[in-house]
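Listed below, chain by chain, are the residues.
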Amino acid sequence: MSEVSARHFWRPSGDVVRHAFRGRRWCGQTEATAVCGSTVSLAAEVAELDWVRAPTCEACNAVLRSELPKITGFFG
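Below or above, wherever it landed, is the structure these notes cover. (Residues numbered from 1 in each chain as written. Predicted model: local features only at pLDDT ≥ 70, side-chain atom pairs only at ≥ 80, totals over all residues. Heavy atoms only, no water.)

### A look at the pattern of salt bridges
- Inspection of the entire model under this criterion finds 1 salt bridge.
- With a closest N to O distance of 2.6 Å, glutamate 67 and arginine 22 form a salt bridge. Highlighted residues: glutamate 67 in the segment after α2 (58–66) and arginine 22 in strand β2 (residues 18–22), separated in sequence by 45 residues.
- According to the relative accessible area criterion, arginine 22 is partly exposed, its value standing at 33%. (Salt bridge = Lys/Arg side-chain N within 4 Å of Asp/Glu carboxyl O. Helix = DSSP H or I, 4+ residues; strand = E, 2+ residues; numbered from the N terminus. Buried < 20%, exposed > 50% of the residue type's maximum accessible area, 1.4 Å probe, protein only.)

### Details of the nonpolar core
- Counting residues in hydrophobic clusters, the biggest one holds 12 residues: Phe9, Val17, Ala20, Phe21, Ala32, Ala34, Val35, Val40, Leu42, Cys57, Cys60 and Leu64.
- Counting residues per element, the ones that place at least two in this core are β2 and α2.
- Setting aside anything within four residues of it in sequence, one finds alanine 20 in contact with His8, Phe9, Trp10, Ala34, Val35, Cys60 and Leu64. (Core = buried A, V, L, I, M, F, W, Y, C linked by side-chain atoms within 4.5 Å. Contact = heavy atoms within 4.5 Å.)

### Structural notes on the pairing of strand β1 (residues 8–12)
- As defined by bridge partners, β1 adjoins β2 across 5 bridges and the pair is classed as antiparallel. If you follow tryptophan 10 over to β2, its bridge partner there is alanine 20. (Pairing = 2+ DSSP bridges.)

### What to know about the state of the cysteines
- The final tally for this structure, using the stated rule, is 0 disulfides.
- Residue cysteine 27 stays outside any disulfide, its sulfur separated by 17 Å from that of cysteine 60, the closest cysteine.
- Judged by relative accessible area, cysteine 27 falls into the exposed class, the value being 66%. (Disulfide = S-S within 2.5 Å.)

### Let's talk about the pairing of β2
- Counting buried residues along β2, 4 of its 5 residues qualify, which places the element largely inside the surrounding structure.
- Between β1 and β2, which pair antiparallel one after the other, the connecting turn spans 5 residues, and valine 16 there sits at a positive phi close to 60°.

### Digging into the environment of alanine 6
- Relative to the helices and strands, alanine 6 is located in the segment before β1.
- Its relative accessible area of 75% is what places alanine 6 among the exposed residues.
- In sequence terms alanine 6 and leucine 68 are 62 residues apart; their C-alpha atoms lie 9.4 Å from each other.

Take a look at the structure:
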């Protein structure tokens, strides 16, 4: 299995969905590939309401959850 960045950030994108992206933070790129594999446009300025209204990408969330370490022991 390839090395996967443990860091990610969430950001509303041009498709009005909040996607996750690999890395520590947004670095000004106008287009990026989300964790789910979608290539989306990224605006330089994100309206405050977009952070609240944009739904979380379920596919990005599922990919990140699948990468969590498996719990073993009493609760696993």
